[in-house]
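# Topology and contacts: notes
Spelled out, the chains give:
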Amino acid sequence: MKIIIKRIAAAIPVLFIVSIMVFLMLQLLPGDPATVILGQEATPEAVEAMREQLGLNQPLLIQYLHWLGNVLQGNLGQSLVDGTSVNDLIAERLPATLELAFGSFLVALLIALPCGILSAARPNTVIDHFCTFISLIGMSIPHFWLGMMCIILFAVELGILPASGYVPFFDDPVENLKTIILPVVATGFRESAVLTRMVRSSMLEVMQSDYIRTAKAKGLGERTILFGHALKNAMIPVITTSGIMLAGLLGGLVITETIFNIPGYGKLIIDSVFNRDFITVQSAILVSAVFVVVVNIAVDILYALVDPRIRLGKEGA
Amino acid sequence: MKTSWKKITSLLLPGILALGMLSAGCGGGKSSGSGGKTINIALHQDPPKLDPMMSTAFVDRMVFQSVFDKLVDLDSKGNIVPMLAEKWEISPDGKKYTFHLRKGVKFHDGTEFNAEAVKFNLERYKQKKSNRRNELKAVTAVKVIDPYTVELDLDVPYAPLLANLTDRAGMMCSPTAVKKDEDKFLNHPVGTGPYAFKERSKGNRIVLVKNKDYWKKDSPKADTLVYKIMTDGNVALVNLKSGQVDMINRFPLNEVKKSQNEQSFAVINEPSPGFKGIVLNTANEKFKDKRVRQAIDKALDRNAIVSVALSGVGTPAHSALSKSSWAYDEALDKAPAQDIEGAKKLLAEAGKAEGFSFTIQTDTDPISQQVCQVIQKQLKTINIDMQIQKMDFGTLLDRGKKGDFEAATISWSGRMDPDGNLYDWFHTGTSMNYMKYSNPAVDELLEKARGLTDQNQRKGMYQQIMAQLSEDEPYIFLYHDNNVFGLSKKIEGFVPNPDGMIRTVDMMKK
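Conventions we followed
Residues numbered from 1 in each chain as written. Chains lettered and ligands numbered in written order. Predicted model: local features only at pLDDT ≥ 70, side-chain atom pairs only at ≥ 80, totals over all residues. Helix = DSSP H or I, 4+ residues; strand = E, 2+ residues; numbered from the N terminus. Rg over C-alpha atoms; globule rule 2.2 N^0.38 Å. Buried ≥ 20, exposed ≤ 12 C-beta atoms within 10 Å, placed from the backbone. Contact = placed C-beta atoms within 7 Å. Core = buried A, V, L, I, M, F, W, Y, C linked by C-beta atoms within 7 Å. Nonpolar A, V, L, I, M, F, W, Y, C, P; charged D, E, K, R; others polar. Pairing = 2+ DSSP bridges. Axes fitted to C-alpha atoms, helices over the stretch in contact; angles between N-to-C directions. Parallel < 35°, antiparallel > 145°, perpendicular 65-115°, else oblique. Left-handed = near helix turned anticlockwise from the far one by under 90°. pLDDT = per-residue confidence, 0-100. Expected span 1.5 Å × (residues − 1). Arc of directions from axis to C-beta.

## Section: the overall build of chain B
When helices and strands are tallied, chain B shows 16 helices and 21 strands. Expected size for 510 residues packed as a compact globule is a radius of gyration near 24 Å; at 26 Å, chain B falls within 12% of this value. For the C-alpha atoms alone, the extent of chain B along its principal axes is close to 85 × 75 × 45 Å. Buried residues in chain B amount to 50% of all 510 residues. Considering only intrachain contacts with a sequence separation of at least 6, the fraction spanning at least 24 residues in chain B is 69%.

Here it is as structure tokens:
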């Protein structure tokens, strides 16, 4: 427990540095928010008035501290474009992306674990080659293309699933599953590819270790060896990869969101960058940095659960 | 722990499969017919501001057509027709407009529409922070004569006024709603239009419901109107094909030819009032000499540009006005044939026979890129080496306004009065004169033309202005793009309008 608190404490400077970097990088972006907001017809006076209203004429340090102060109080600020609270914007967009990310992650696990384990259990057989083939496809097919093909097949030709869009789960659970299934499968399939290879190689390595040979010599059944002895040891690198993958999914689903027209978190950030909505971008990136940190802490805890040899205490020292 | 993994997998797999089948099964039953009472329209962009006063984006105006009525409207031929004003008079000197308002009209929140409401709106649009200020600049006073008569006093005759009132400057917002919370209004618009705003989810959709008390009899025809935001044209198209949307507002150009014989939808392809082209910075050393600008104009083959970059969907152009305008002049707008020799000669006269190089700034839209690539090739023939620099539109606009560029692709969506396509672009020191162009003769004509009420006289002047612009070439007109809609055959009652807007009031779903 103490260690978890320690880890959380260590995360605070990381988030602080992220906040400064995001803030400064946005300042480097060419293009003035006031000009973008007011558009082509705006007169120079109107642009100046807008800059004043948005507080863009204040010194950078003041702007930064003002934003940070609000963030520390749980107020992520107001969108420069239309004054909506960024808290609301994020709350509106986050569920879709969380659902997408965890759904894709689940699909990836469901494909990768059986495929990887089977491959490792029967190396260089037809099954192994088949699984390798599947993950090769997953790695080489761009998932936006796969997404498009899925839409054309299931929505346009067969007409059994909607082509795109998103309905929140609590509005209509059935519609929600219908809209989410294609994007989740298309993204999950790609993510499964790397994971399958990871499971396979990690399993193979473990299968060649001494204790497995001992287990075999002892005459244990194959299933017991695979699932009881090998799998848990093989999971460590897989958990690491999964953690990185999940963190990546939480921030990087823009393409899936665009193809399937899902109003998600990635699109919020991209749209806000193009609108020069600095406050929204800053706050949204900070929130996703928090996610990455949380996922990493969760991964550390999982290590210990899966492999008691890894004591959280030791790591701290 | 021994069998836990097995257990988990064996439990999860059938579960997921069952879920998949369940949702697929339900899908088969439900997705085909959704009742016919909801019309879904795909928009290419999420409208940023649903307040006509604050709005600057083209796409806002699409939604406004359903939520707001205007004092006057445009018909499909471009004539100005009654809407909230049943009739109007203009004084002979053009400085007094009297509007007689429709009676018994109510805003969606129950507020009554009357002369006071008109006064409130027009005065609000004239405020400093309003983006409509320029369109109503000439209006000095709004007077309530009686509850249903309102008078606009102008300091100078200003002919584009009525045309401006067919657009955002003439849209009537509920004074009650605006006064209650002006900052919120742009996300909760309240008008008198055929559909009332219900809710929006940013980046996703905007839902409107039927205005049961609409003043036009038997309209609107649908119960619900949903604008779905689909930023990718191909995504919008598959949704049109699968029936999830009934209309899309930006049909992917390279699909137009293939879709001519579609069973389920039609492609509507109409010239827009806007123009696309290249801004040349006349304050820059490279483009100071008119002959250089003329040489670039001569070296271009506009037909090739349109057929390569737009798959032929667009109209090669040489002036600011397209066929949709009453001041259009076919001879002036006709794209001249490419003339390499003439261009070389002009360059030589300007002392640049060896050619030169410059950088064009353009946005990230694939079409702009392709246009630039074609131009790059064509200019090579007269030894001009054009570099292409991509940037997002915000940066492009910012640099354009600051004059920090040599050449740039900045275009205009167009306005119904010719003044709206010319004055703010080519008059000295105006907001969209990125070219830093200044010609006193043009300035004088622009000022004179907006003060006259006689359309024929104005037409002559605008044509004179455009002739001068083809001589001076501060802006290289390339083409007018087309408004290309995809419309499901289930929808009846849509009539294209020269302003390129989708008027939903009479649209009906079979």
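## A short note on the overall build of chain A
A count of helices and strands for chain A gives 14 helices and zero strands. Oriented by its inertia axes, the alpha-carbon framework of chain A measures out at about 85 × 60 × 35 Å. Within the span of chain A, comprising 317 residues, buried residues form 40% of the whole. Contacts in chain A between residues at least 24 apart in sequence constitute 70% of all its contacts with a sequence separation of at least 6.

## Examining the nonpolar core
If you look at the biggest cluster of nonpolar residues, it comprises 209 residues, and the most contacted ones within it are Leu 182 and Val 199 of chain A together with Met 247, Ile 248, Val 279 and Ile 465 of chain B. Contacts of Met 247 of chain B, omitting those with residues within four sequence positions, involve Ile 41, Ala 42, Phe 485, Gly 486, Leu 487, Ser 488, Ile 491 and Ile 502 of chain B.

## Notes on the environment of Thr 381 of chain B
Residues and elements named next belong to chain B. Its place among the elements puts Thr 381 in the loop between helix H12 (366-380) and strand E16 (384-390). Since 13 C-beta atoms lie within 10 Å of it, Thr 381 is described here as partly exposed. Considered as a pair, Thr 381 and Val 292 are 89 residues apart in the sequence and their alpha carbons are 14 Å apart. When sequence neighbours within four positions are dropped, the list of residues in contact with Thr 381 reads Ala 299 and Ile 340.

## Observations concerning the interface of chain B and chain A
With 51 residues of chain B at the interface, the matching set in chain A holds 49 residues. Secondary structure elements with two or more residues in the side of chain B that touches chain A: helix H1 (4-30), helix H7 (233-242) and helix H13 (393-402) of chain B. Broken down by class, the residue content of the side of chain B that touches chain A amounts to 15 nonpolar, 22 polar and 14 charged.

## So, unusual backbone geometry
Residue and element names in this part refer to chain B. Across the junction of Ser 219 and Pro 220, the peptide omega takes the value -10°, indicating a cis bond. As for its position among the elements, Pro 220 is in the loop between strand E9 (205-210) and strand E10 (224-229). A positive phi angle is found at Lys 436, which is not glycine, with a value near 60°. Here Lys 436 is to be found in the loop between helix H14 (418-426) and helix H15 (440-451).

## Remarks on the sheet that holds strand E15 (residues 356-362) of chain B
Residue and element names in this part refer to chain B. Spatial strand order, E14-E18-E13-E17-E15-E16: six strands in an open sheet with mixed pairing. In the strand order of this sheet, the two ends are held by strand E14 (315-316) and E16, each with one partner. As judged from the two bridges shared by E14 and strand E18 (residues 475-480), these two strands associate in the antiparallel manner. Within the sheet, the bridge partner assigned to Thr 315 lies in E18 and is His 480. Lying on the sheet, H12 is in contact with E15, E16 and E18; it crosses E16 at an angle near 165°.

## As for the environment of Met 416 of chain B
Residues and elements named next belong to chain B. Summarising the element assignment, Met 416 is placed in the loop between strand E17 (407-408) and H14. Given 24 C-beta atoms within 10 Å, Met 416 falls into the buried group. For the pair Met 416 and Asn 79, spaced 337 residues apart in sequence, the C-alpha separation works out to 9.9 Å. Among residues more than four places away in sequence, those in contact with Met 416 are Leu 74, Gly 78, Ala 163, Thr 166, Pro 273, Pro 498 and Asp 499.

## Some details on the packing of helix H7 (residues 143-157) of chain A against H7 of chain B
Geometry of a packed helix pair, given as the angle between the helix axes and the separation of the axes. Axis separation between H7 of chain A and H7 of chain B bottoms out at 9 Å; the angle between their running directions is 25°. Between H7 of chain A and H7 of chain B, the crossing angle belongs to the class labelled roughly parallel. In this structure, the crossing between H7 of chain A and H7 of chain B has a hand that is right-handed. Counting all contacts with H7 of chain A, which are made through Ile 151, Ile 152, Ala 155 and Val 156 of chain A, the residues of H7 of chain B involved are Val 238, Lys 241 and Ser 242 of chain B.

## Quick look at helix H9 (residues 210-217) of chain A
Summarising burial for H9 of chain A: zero of the eight residues are buried, a small minority. The first or second residue beyond H9 of chain A is Gly 219 of chain A, which carries a positive phi of 90°.

## Quick notes on the sheet that holds strand E5 (residues 96-101) of chain B
All names here are of chain B. On the basis of which strands lie adjacent, the open sheet formed by four strands has the order E4-E5-E7-E6 and antiparallel pairing. Strands at the two margins of the open sheet, each flanked by one partner only, are strand E4 (85-90) and strand E6 (139-146). In this sheet, neighbouring strand axes are inclined to one another by 20° on average, regardless of whether the strands run parallel or antiparallel. When E4 meets E5, the two strands line up antiparallel, connected through five bridges. Residue pairing across strands places Ala 85 opposite Leu 101, the latter belonging to E5. Along the sheet face, helix H3 (residues 115-125) touches E5, E6 and strand E7 (149-154) and points at about 170° away from the line of E6.

## Brief notes about the confidence of the model for chain B
Residues and elements named next belong to chain B. Confidence in the prediction for chain B averages 89 pLDDT; 93% of positions are at 70 or higher. Between residues 1-35, whose pLDDT stays under 50, and residues either more than four places distant or in other chains, the model counts 27 contacts. In the predicted assembly, ipTM is 0.76 and pTM is 0.83.

## Description of the packing of H9 of chain A against helix H10 (residues 222-251) of chain A
All names here are of chain A. At a minimum axis distance of 11 Å, the contact between H9 and H10 shows a crossing angle of 150°. Compared by their axis directions, H9 and H10 come out roughly antiparallel. For the pair H9 and H10, the sense of crossing is right-handed. Of the residues in H10, those touching H9 at Tyr 211, Ile 212, Ala 215 and Lys 216 are Ile 225, His 229 and Ala 230. Partitioning the contact of H9 with H10 into residue classes produces five nonpolar, one polar and one charged.

## Brief notes about H12 of chain B
Residue and element names in this part refer to chain B. Counted at 1.5 Å a residue, the expected span for H12 with its 15 residues is 21 Å, and the 21 Å between its end C-alpha atoms agrees. Along H12, the positions that sit buried rather than exposed are Ser 368, Val 371, Cys 372, Val 374, Ile 375, Gln 378 and Leu 379. Viewed along the axis of H12, the buried residues span an arc of 165°, placing them on a single side of the element. The secondary structure elements touched by the buried residues of H12 are helix H8 (290-299), helix H9 (302-309), E15, E16 and E18.

## A look at the pairing of strand E8 (residues 195-201) of chain B
Sheet topology places E8 of chain B next to E9 of chain B; six bridges connect them, and they run antiparallel. Directly across from Ser 201 of chain B, in E9 of chain B, lies its bridge partner Arg 205 of chain B.

## Notes on the confidence of the model for chain A
Put simply, chain A has an average pLDDT of 86, and 97% of its residues get 70 or more. When mean pLDDT is taken per element in chain A, helix H5 (residues 86-121) of chain A scores highest with 91 and helix H14 (residues 312-316) of chain A scores lowest with 48.

## Looking at the pairing of E7 of chain B
All names here are of chain B. Residues Val 150, Leu 152 and Leu 154 point to one face of E7 and are all buried, whereas Thr 149, Glu 151 and Asp 153, pointing to the other face, are not buried. Where E5 meets E7, five bridges bridge the pair, whose relative direction is antiparallel. The residue of E7 that forms the bridge with Thr 98 is Glu 151. As judged from the six bridges shared by E6 and E7, these two strands associate in the antiparallel manner.

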